[in-house]
Amino acid sequence: MSDNNSPVFSLIHPSRGRCQMAIETAKLWAANADNPKQIQYILSLDNDESELTCYKNNFIRTNNLFKEVIFSVSGNKNVVQAANAGAKYATGGIFVLLSDDFSCPENWDSFILENIDIEKEEALAVNDGLQPTTKTILTLPIMTKLLYQHLSYIYYPEYSGIKADDDLAQTCLAMNCLRVNKSKTFQHLHWVNKKKERDETNNRHDNPEGWELGNRIFQQRKSINFGIVK
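Rules and cut-offs
Per chain, the residues get numbers from 1 upward, laid out in the order the sequence is written. Predicted model: local features are reported for residues with pLDDT of at least 70 only, side-chain atom pairs are reported and counted for 80 or more only, and whole-chain, interface and lining totals are derived from all residues. Hydrogens and water are ignored here; the side-chain numbers use all heavy atoms of the structure. Within this document, salt bridges are pairs made up of a side-chain nitrogen of Lys or Arg and a carboxyl oxygen of Asp or Glu, the two lying within 4 Å of each other. Think of it this way: any DSSP run of H or I at least four residues long counts as a helix, any run of E at least two long counts as a strand, and we number them from the N terminus. For the exposure calls, accessible area comes from a 1.4 Å probe over protein chains only, and a residue counts as buried if that area is under 20% of its type's maximum, exposed if over 50%, partly exposed in between. Buried Ala, Val, Leu, Ile, Met, Phe, Trp, Tyr and Cys residues that are joined via side-chain atoms within 4.5 Å together make up what is termed a nonpolar core. The pairing criterion is simple: DSSP has to find at least two bridges between the two strands. By the criterion used throughout, a crossover qualifies as right-handed when its path from the first strand across the helix to the second strand runs clockwise, the strands pointing away from the viewer. Note on geometry: axes are C-alpha line fits, over the in-contact stretch for helices, and angles between N-to-C directions span 0 to 180 degrees. Here, two residues are considered to be in contact whenever any of their heavy atoms come within 4.5 Å of each other.

## Examining the pattern of salt bridges
Point 1. Taken as a whole and judged by the stated rule, the model has eight salt bridges.
Point 2. One salt bridge in this structure joins R18 and D100, with 3.3 Å as the shortest N-O distance. One end of the pair, R18, is in the loop between β1 (9–14) and α1 (19–31); the other, D100, is in the loop between β4 (94–97) and α4 (108–115), and 82 residues separate them in sequence.
Point 3. With relative accessibility at 4%, the residue D100 sits in the buried group.
Point 4. One salt-bridge network, in which partners are shared between bridges, spans R16, D46 and D48.

## Side note on the environment of E51
Point 1. Mapped onto the elements, E51 comes out in the loop between β2 (39–46) and α2 (52–59).
Point 2. Residue classification places E51 among the partly exposed positions, given a relative accessible area of 28%.
Point 3. Separated by 31 residues in sequence, E51 and Q20 have C-alpha atoms that sit 9.8 Å apart.

## Concerning the nonpolar core
Point 1. Of all hydrophobic cores here, the largest spans 33 residues; its most connected members are W29, V96, W108, I112, L140, I142 and F186.
Point 2. Listing elements by their share of this core, those giving two or more residues are β1, α1, β2, α2, β4, α4 and β5 (123–127).
Point 3. A83, L138, M143 and L147 belong to the second-largest nonpolar core, a separate cluster that totals 32 residues.

## A look at the pairing of strand β3 (residues 68–74)
Point 1. Sheet topology note: the β2/β3 ladder contains seven bridges and is parallel. Note that in β3 the partner of L45 across the bridge is V73.
Point 2. For the handedness criterion, the β-α-β arrangement of β2, α2 and β3 is classed as right-handed.

## What to know about the sheet that holds β4
Point 1. Taken in spatial order, the seven strands make up an open sheet running β3-β2-β1-β4-β6-β5-β7, and their pairing is mixed. Here the strands that pair on one side only, and so sit at the sheet edges, are β3 and β7 (178–185). For this sheet, the mean inter-axis angle between neighbouring strands, taken without regard to orientation, is 20°.
Point 2. Bridge count for β5 against β7 is four bridges, and the pairing is parallel. Following the sheet pairing, A123 is matched in β7 by L178.
Point 3. On top of the sheet, α2 reaches β2 and β3; it is set at about 165° to β3, its chief contact.
Point 4. Strands β1, β2, β4, β5, β6 (142–144) and β7 of the sheet are contacted by α4, whose axis makes an angle of about 150° with β7.

Next comes the structure, spelled out in structure tokens:
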């Protein structure tokens, strides 16, 4: 829930080794928002980030695009840890977890507000342009602050990346709090659909070990209905 002094949206953006891509992503999300001054932008970085100076120097210049820009620098070992670390600074009524390779449609903030109830524990699934529209995976997690407070995470913290988005969707379905509107596309510019080149940031979690870990945790969580008691 947001008061008059709080941002409506908290954009939480974990990034690693992609300074220029991250900057362009931030500018795009500001440019395509109806009300960018209602947005808190949280850049979540690792403390061993080789481009840390680039990120800080350039993102300071984006301060005027949003209500505020916050840096979270933590000892993250994977994207799930970076996402959850950034979320600890979020004060908006709606959290959106970005990645460097996610685009957005014009008026994206108004669209989200029309399709989620900020006063309830809810999540919203949108079209990522990559998954079939019949499949529900939260590759772009959008949730109310109230749902985040209930779960205490954006992505279940035992994952390193793989299957974390699937787990979140299934958890929300089990809670009966997932809304779906795939009429607008938030394009995932992924290497799978040849929208970008695969890089070391992809390789960090999208590897055989990551898949083994993700599938094992997912099956364990599924066996207990993702911790949700019916």
